[in-house]
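# Architecture and fold: a report
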Amino acid sequence: MKKRIETTCVQGGYTPKNGEPRQIPIIQSTTFKYDTSEDMGKLFDLEASGYFYTRLQNPTNDMVAAKICELEGGSAAMLTSSGQAANFYAVFNIANCGDHVISASTIYGGTYNLFAVTMKKMGIDFTFVSPDCTEKELNAAFKPNTKAVFGETIANPALTVLDIEKFAKAAHDHGVPLIVDNTFATPVNCRPFEWGADIVTHSTTKYLDGHGAGVGGCIVDSGKFDWDKYADKFPGLTTPDESYHGVVYTKQFGLGGAFITKATAQLMRDFGSIQSPQNAFLLNLGLESLHLRIKRHCENAQKVAEFLQSNDKISWVTYCGLKGDKYYDLAQKYLPNGSCGVVSFGVKGGRKAAEAFMKHLKVAAIETHVADARTCCLHPASATHRQMNDEELAAAGVSPDLVRFSCGIENADDLIEDIKQALEQI
Ligand SMILES: *Cc1c(COP(=O)(O)O)cnc(C)c1O
């Protein structure tokens, strides 16, 4: 029976058999016992599936990954220790030294650093394009060594909405996959695979967990990208892996399993960014109420955005649920049931006024966090995007006066009264 998204949030990923625990068990064990060395050998050769060491795979993690996989409509998924690890693995699984990747310029500051600084040191070159670029501009960014295109459904904190179909078409016309970070929209509000994306990533630290309890990430594969058709571009997936006795991932695991198996077998093995089973358990508790929380986050954000728009101490408001917002039409297409709980705005008086305003908030807390049950806010130019110069800030859609306000699931009137009293004091 095909379940609806609300039912998958609650019950996906794990169906207990007769007499088994109703809640997913926390398998707090680093290792797994086998009767013979031959049994173990088959696991190491990827000839049999099973658990042997939690750095690679753990049953609790796999149950939670399976739920997120179902929510996104994918073929396979894996949890990672953080969203950073998820985006790094998703790109590094197919792009190596000497390769090139195209990314939307409006992305999370940490991802920008990962791409523009750290992965560049590893010999992977990135071209950043505006999410609003024309098809012609987008096509012009491709090089013979381009291996992937990357973007965020709703960018953190610029709140641009990615035209997923436009980016997917350009990627596919050049024989490469589109990777979409779906952290802000969540699969409740948008499932990028339905619009042509090939790989989805998440910082589960945000709405999926939703309670600020555990840092984590997830990668989901749609199973639809035909690596074999562009075999010369993706030798890591289509030619023998000597570190696993010559296994060819696409041959042995099919298009549905190749990407995640390779990321597990090579990247988890070598980098070890596994999520702890305890955190996976907490993440699953969060997922059980995701559909309810997201609805409330969006309702609160809509009310807060409308209030801010009508207040004369506010110079601008960005929220794609506002009529007249630059991304309203794209949001109507890709996010018809709501976008996210995050609103960006500028306080008249710029950077100084923004900081003064934030200091007076009582319900909303200043935090390097977002997408949490509790309302929080941040001044990105002095925090997450601190490393960027003014030009890079502008390209990332972050003005110096930008306040990122993440509406929680409290009462909207309390949030509005809090903002009102803080504005009155500046
Ligand atoms: C927070 C965030 C990340 C990084 O995730 P961590 O779990 O903090 O490592 C990546 N992408 C987006 C869109 C984010 O909001």
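As the structure is a computational prediction, the values presented were derived from the model and not from experiment.

Take the overall build of the protein next. Each helix and strand in the protein was counted, giving 16 helices and 12 strands. In terms of C-alpha radius of gyration, the protein reaches 22 Å, essentially the compact-globule figure of 22 Å for 426 residues. Along the longest, intermediate and shortest principal axes, the C-alpha atoms of the protein span 70 × 55 × 35 Å. Evaluated residue by residue, the protein yields a buried proportion of 56% over its 426 residues. Counting contacts in the protein only where the partners sit at least 6 residues apart, residues at least 24 apart contribute 73% of the total. Averaging the positions of the 41 positive and the 49 negative side-chain charges in the protein gives two centres separated by 2 Å.

By nearness alone, 16 residues border the ligand, and Asn-156, Asp-181, Ser-203, Thr-205 and Lys-206 come closest of all. If the ligand stood free it would expose 380 Å²; the protein chains cover 92% of that surface. If one sorts the elements of the shell around the ligand by residue count, helix H4 (residues 83–92) sits on top with 3 residues. Looking at the shell around the ligand residue by residue, the classes come out as 3 nonpolar, 10 polar and 3 charged.

To continue, consider the nonpolar core. Ranked by size, the top nonpolar core spans 132 residues in total, and within it Phe-345 and Phe-357 carry the most contacts. Two domains share this core, each providing at least three of its residues, namely domain 1 (5–284) and domain 2 (292–424). Beyond its immediate stretch of four places on either side in the chain, Phe-357 contacts Phe-345, Val-347, Val-403, Ile-419, Ala-422, Leu-423 and Ile-426.

Below, the discussion takes up the sheet that holds strand S1 (residues 76–80). Strand order in the open sheet formed by 7 strands is S1-S7-S6-S5-S4-S2-S3, and the pairing between neighbours is mixed. Strand pairing shows two members of the sheet lacking a second neighbour, S1 and strand S3 (125–129), which therefore form its edges. Shown here is a sheet whose adjacent strand axes are inclined to one another by a mean of 20 degrees, direction ignored. Here strand S5 (residues 178–181) pairs with strand S6 (residues 199–203) via 3 bridges, running parallel.

The next thing to look at is the packing of helix H12 (residues 290–309) against helix H16 (residues 412–424). As a packed pair, H12 and H16 sit with axes 9 Å apart at the nearest point and diverge in direction by 30 degrees. Between H12 and H16, the crossing angle belongs to the class labelled roughly parallel. In terms of crossing hand, the pair formed by H12 and H16 is right-handed. Every residue of H16 that contacts H12 at Asn-300, Lys-303, Val-304, Phe-307 and Leu-308 is listed here: Ala-412, Leu-415, Ile-416, Ile-419 and Lys-420. Split into classes, the residues belonging to the contact of H12 with H16 amount to 7 nonpolar, 1 polar and 2 charged.

Across all of its chains, the model carries 21 aromatic pairs by this definition. Among the aromatic residues, those joined into a cluster by ring pairs are Tyr-112, Phe-115, Phe-126, Phe-128 and Phe-150.

It is worth spelling out the pairing of S3 at this point. Pairing of strand S2 (residues 100–104) with S3, which is carried by 5 bridges, proceeds in the parallel orientation. Counterpart to Ser-103 in the pairing with S3 is Phe-128. Between S2 and its parallel partner S3, the chain crosses via helix H5 (residues 109–121), and the hand of that crossover is right-handed.

Reading the values: rules and limits
- Residues numbered from 1 in each chain as written.
- Predicted model: local features only at pLDDT ≥ 70, side-chain atom pairs only at ≥ 80, totals over all residues.
- Heavy atoms only, no water.
- Helix = DSSP H or I, 4+ residues; strand = E, 2+ residues; numbered from the N terminus.
- Rg over C-alpha atoms; globule rule 2.2 N^0.38 Å.
- Buried < 20%, exposed > 50% of the residue type's maximum accessible area, 1.4 Å probe, protein only.
- Contact = heavy atoms within 4.5 Å.
- Lys, Arg positive; Asp, Glu negative; His and termini not counted.
- Charge placed at Lys NZ, Arg CZ, Asp CG, Glu CD.
- Near = heavy atom within 4 Å.
- Areas by Shrake-Rupley, 256 points an atom, 1.4 Å probe, with all protein chains shown as cover.
- Nonpolar A, V, L, I, M, F, W, Y, C, P; charged D, E, K, R; others polar.
- Core = buried A, V, L, I, M, F, W, Y, C linked by side-chain atoms within 4.5 Å.
- Domains from an automatic or database assignment.
- Pairing = 2+ DSSP bridges.
- Axes fitted to C-alpha atoms, helices over the stretch in contact; angles between N-to-C directions.
- Parallel < 35°, antiparallel > 145°, perpendicular 65-115°, else oblique.
- Left-handed = near helix turned anticlockwise from the far one by under 90°.
- Phe/Tyr/Trp six-rings, centres within 6.5 Å; stacked < 30°, edge-to-face > 60°.
- Right-handed = clockwise from strand over helix to strand, strands pointing away.

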